[in-house]
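# Coordinates in review
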Amino acid sequence: MGIWIVNGRTAEGEKIAVLAENGVIVDIVRGDAADAVTTDGREVVDAGGRLLTAGLIDMHVHFREPGFEYKEDIETGSRSAAKGGFTTVACMPNTRPVLDKAETVAKVVARGESVGLTRVLPYGCISIGELGRELADYEALRDAGAIGFTDDGVGVQSAGMMKEAMRRAAALGMPIIAHCEDDTLLPGGAAFSVGEFVKKHGLPGIPNESEAIHVGRDILLAEATGVHYHVCHVSTEQSARLIRLGKQVGVNVTAEVCPHHLLLSDEDIPNATDANWKMNPPLRSPRDVEAMIAAVEDGTIDIFVTDHAPHSEEEKARGVERAPFGIVGLETAFPLLYTKFVATGRWTLPFVLERLTSRPAQLFGLPTGKLEIGAPADLTIIDLEEERKVDPATFASKGKNTPFAGWHLKGWPKLTMLGGDIVWSELAEKGSDEFVS
Ligand SMILES: [Zn+2]
């Protein structure tokens with residue numbers, strides 16, 4: 001029993017060999033000794049000198065099951081995660097029905113386990129129906145497997161309700177994860193951010209303060225309640241400023257950012273009709289993009305997430321006003337971050353990987369995200385040299401909605417191991433005993 005992954009390289013460039021057995025990492029050999037491990041007739045995977053990392057973690061995805069399986073289901077979402085190198089994903093509860101009851105949460109947990117391609121950790125709703133009127137039963141949701149509470153997709157409009165949600169979550173030692181958006185500041189039909197793009201096309205725009213006002217409000221409420229408050233998909237300079245201040249005064253606030261908000265501004269949107277550029281929060285100004293990068297660099301923003309939001313082609317073809325918000329992200333996240341931030345020399349590989357593995361695990365109390373003896377054997381092999389064009393037709397996700405189609409990226413995942421089992425592989429030979437000594 002057991003699988004040796006040999007001939008790997010750590011993010012720091014060190015040689016590494018790892019033995020997975022009974023679901024956990026039982027041996028790690030580093031340096032030149034890694035070339036000479038005794039594999040004792042076990043199955044051997046040759047990483048071919050490629051990067052070997054703890055499996056990636058994405059704390060913000062939409063798998064659409066139950067209710068919107070035509071967009072994505074837990075099986076296709078899990079396949080997409082595995083192909084993107086992710087071994088743990090946290091699912092947003094805005095399904096149909098929403099995950100505001102123990103039974104629905106338990107079903108998602110069970111379905112994720114039976115698919116078995118990635119760890120599917122659902123969030124429960126903050127409010128019943130995500131309607132912002134009545135709080136869900138957090139204890140029941142937690143007991144069913146929810147790892148935190150969020151009404152992602154909509155903001156909690158009432159400050160009083162948010163404060164009570166935080167008070168109850170804090171009492172259970174659970175986080176509140178917030179989609180920050182004040183509806184009273186949103187003009188009807190707005191698809192893009194306020195800025196040059198909407199000005200040029202004469203469209204209504206989504207203002208930065210519709211996000212930041214909730215961030216500021218919630219940081220004050222988190223200070224009052226002591227809850228772990230986690231801000232979803234930060235996109236504005238003002239939000240980053242408020243989170244930075246919150247951290248400075250000791251509020252337990254953490255934050256995430258998506259690759260598209262680090263890489264695209266509204267100036268990149270090619271036209272006012274392609275809904276693959278419509279996401280929520282919207283692409284902001286170049287100044288906001290620079291602020292997001294700076295906020296990652298100074299620790300204001302803690303982790304990277306994809307906000308993987310698959311929609312059908314028919315839905316995205318309805319024109320920007322009627323098309324739903326969102327883009328897919330699991331299969332392009334690592335290559336985007338690697339190509340645009342590591343290969344360019346702006347960030348180091350360990351810096352990027354930490355925000356995709358150990359940091360999210362720490363923030364949310366997960367046992368995964370680390371290359372350590374005794375940790376779950378969730379591992380990913382990535383080819384940092386391989387260059388490929390983004391082709392949505394090849395996505396394992398049902399969603400093909402991405403603004404990155406045609407981009408040439410490096411750093412493609414080649415093999416994903418979940419709990420000691422190879423769940424996805426593009427390596428030519430697994431089980432080759434070429435390196436068995
Ligand atoms: Zn989302």
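Parameters at a glance
- Residues numbered from 1 in each chain as written.
- Predicted model: local features only at pLDDT ≥ 70, side-chain atom pairs only at ≥ 80, totals over all residues.
- Heavy atoms only, no water.
- UniProt positions renumbered as here; feature names shortened; annotations may be inferred.
- Helix = DSSP H or I, 4+ residues; strand = E, 2+ residues; numbered from the N terminus.
- Rg over C-alpha atoms; globule rule 2.2 N^0.38 Å.
- Buried < 20%, exposed > 50% of the residue type's maximum accessible area, 1.4 Å probe, protein only.
- Contact = heavy atoms within 4.5 Å.
- Areas by Shrake-Rupley, 256 points an atom, 1.4 Å probe, with all protein chains shown as cover.
- Lys, Arg positive; Asp, Glu negative; His and termini not counted.
- Charge placed at Lys NZ, Arg CZ, Asp CG, Glu CD.
- Donors = N, O, S within 2.8 Å, 3.2 Å for Na, K, Ca; no water.

You'll find the protein chain entered in an unreviewed UniProt entry as Dihydroorotase, with Paenibacillus antri given as the organism. Per its UniProt entry, the protein chain bears the Function (unreviewed entry) comment "Catalyzes the reversible cyclization of carbamoyl aspartate to dihydroorotate." Taken verbatim from the UniProt record of the protein chain, the Sequence similarities (unreviewed entry) comment is "Belongs to the metallo-dependent hydrolases superfamily. DHOase family. Class I DHOase subfamily."

### Quick notes on the overall build of the protein chain
A count of helical and extended segments in the protein chain gives 13 helices and 17 strands. Against the globule reference of 22 Å for 437 residues, the protein chain gives a C-alpha radius of gyration of 21 Å, in line with a compact fold. The dimensions of the protein chain, computed from C-alpha atoms along their principal axes, are 65 × 45 × 45 Å. Among the 437 residues that make up the protein chain, the fraction classed as buried is 60%. Long-range pairs, those at least 24 residues apart, make up 75% of the contacts in the protein chain with a sequence separation of at least 6. Summed over all atoms, the accessible surface of the protein chain reaches about 16,300 Å², with 49% contributed by carbon and sulfur. Mean positive and mean negative side-chain charge positions of the protein chain (43 and 64 charges, respectively) differ by 3 Å.

### Brief notes about the coordination of the zinc ion
For the zinc ion, the full set of protein donor atoms is H60 (NE2), H62 (NE2), D152 (OD) and D307 (OD), and the range of their distances to it is 2.1 to 2.3 Å. The motif formed by the donor residues of the zinc ion, counted along the single chain, is H-x1-H-x89-D-x154-D. A residue pair is termed long-range when its members are at least 10 positions apart, and H60 in strand β6 (residues 56–61) and D152 in the loop between α3 (138–144) and α4 (159–171) qualify at 92 residues. In this structure, H60 and D152 share a single accessibility class: buried.

### Points about the UniProt feature "binding site: substrate" (unreviewed entry) in the protein chain
Residues annotated in UniProt with the feature "binding site: substrate" (unreviewed entry) correspond here to H62, F63, R64, N94, N280, H311, F325 and G326. Structurally, the position occupied by N94 is in the loop between β7 (86–91) and α2 (102–115). Among all residues touching N94, those that are not within four sequence positions of it are H62, R64, F68, E130, D152 and G153. Residue classification places H311 among the buried residues on the basis of a relative accessible area of 6%.

### Describing the UniProt feature "binding site: Zn(2+) 1" (unreviewed entry) in the protein chain
As recorded in UniProt, the feature "binding site: Zn(2+) 1" (unreviewed entry) lies at H60, H62, D152 and D307. A maximum C-alpha distance of 10.1 Å among these annotated residues, which run over 248 residues, shows that they cluster at one spot. For H60, a relative accessible area of 0% corresponds to the buried category. Since its relative accessible area comes to 2%, D152 is described here as buried.

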